[in-house]
Amino acid sequence: MDGNGRWAKKQGFFRSFGHENGTEAVREIVEACAELPVPYLTLYAFSTENWNRPKTEVQTLMRLLVSSLKKEIKTLSDHNIKLNAIGNLESLPKKAYVQLLDVMEQTKNHTHMTLTLALSYGAREEITKTIQEISHKVKNNLISPSDIDESFINNHLYTRDLPDVDLLIRTSGEQRISNFLLWQIAYAELYFTDTLWPDYRKDHLFEAILDYQNRERRFGKTSEQLNP
Ligand code: IPE
Ligand code: MG
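How each quantity is defined
Residues numbered from 1 in each chain as written. Chains lettered and ligands numbered in written order. Predicted model: local features only at pLDDT ≥ 70, side-chain atom pairs only at ≥ 80, totals over all residues. Heavy atoms only, no water. Helix = DSSP H or I, 4+ residues; strand = E, 2+ residues; numbered from the N terminus. Phe/Tyr/Trp six-rings, centres within 6.5 Å; stacked < 30°, edge-to-face > 60°. Near = heavy atom within 4 Å. Polar contact = N/O pair within 3.5 Å; in protein donor to acceptor, adjacent residues only side chain to side chain. Areas by Shrake-Rupley, 256 points an atom, 1.4 Å probe, with all protein chains shown as cover. Core = buried A, V, L, I, M, F, W, Y, C linked by side-chain atoms within 4.5 Å. Buried < 20%, exposed > 50% of the residue type's maximum accessible area, 1.4 Å probe, protein only. Contact = heavy atoms within 4.5 Å.

Draft legend 1. Summary view of unusual backbone geometry. Residues L36 and P37 are joined by a peptide bond in cis, for which omega reads -5°. By the element assignment, P37 lies in the loop between α2 (15-35) and β1 (40-47). The residue N80 is not glycine, and still its phi comes out positive at about 60°. Even without being glycine, F219 reaches a positive phi, approximately 45°.

Draft legend 2. Fine view of the packing of aromatic side chains. Considering all chains together, one arrives at nine aromatic pairs under this definition. Joined through ring pairs, the aromatic side chains of Y44, Y121, Y158 and F180 make up one cluster.

Draft legend 3. Representation of the site of ligand 1. Near ligand 1 there are 13 residues, and of these M1, D2, R6, R15 and R53 occur at the shortest range. Take G3: an N or O atom from its main chain is 3.4 Å from an oxygen atom of ligand 1. Look at ligand 1: alone it shows 380 Å² of surface, and the protein chains cover 87% of it. Per-element accounting of the shell around ligand 1 gives the leading share, three residues, to helix α1 (residues 4-10).

Draft legend 4. Quick look at the nonpolar core. In this structure, L41, L83, L100, L115, L117 and L119 are the most contacted members of the largest nonpolar core, which totals 37 residues. Residue assignment for this core shows that the elements contributing at least two residues are α2, β1, α3 (55-78), β2 (81-86), α4 (94-106), β3 (113-121) and α7 (202-213). With eight residues, the single largest contributor to this core is α3. Setting aside residues no more than four positions away along its own chain, L117 makes contact with L43, L65, L69, L83, N84, A85, I86 and L100.

Written out as structure tokens, the structure reads:
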């Protein structure tokens, strides 16, 4: 979800105004996914690198996280959406962490869709943590190195309960991944759009999904193998 700052600055406002308006886009896109349905939606809300932003901006983002969680519990309930989170959640301010766990607890039995917030998330941190955990298991003779296969690694990632990414959308014209789900996007379809996140609406999402539906996902195979 990129482009909040530029969206605000373009209109002569502070960056925080862009972040506030970005929450409207979040609600609309979450609802659109619930209606389609898209069973799994993961939003990159705050990266490990975002901690390096000015303190006041980090505070604004954390405050918005808490207020959105409080406000949107109804949206989640109305659409039977389960809230999930990935990242180094313990590094969040206590208030945000408690609120997040509270909404996750309240929505844990919802089954229509899983909405995952990537918070204080970085793929390199996730992979590092995974390697540490697996190394401990080897060291303590709980497993042997030959037990480590792709699914074993998968089961140690934050995303162990989620399927691989099918479609990755990045807004605001930037064409990079920025440390997002590096393992999980191995075969994802990438979609880049110039639209700034606060302007992102249902029609933009539908356009991206239509584009995705017209692609041939070969997973290394040939087109002839897929269409005999
Ligand atoms: C995305 O918008 C919001 C977060 C990273 C939390 P940005 O704040 O990155 O907006 P730009 O890139 O400065 O326009
Ligand atoms: Mg940005």
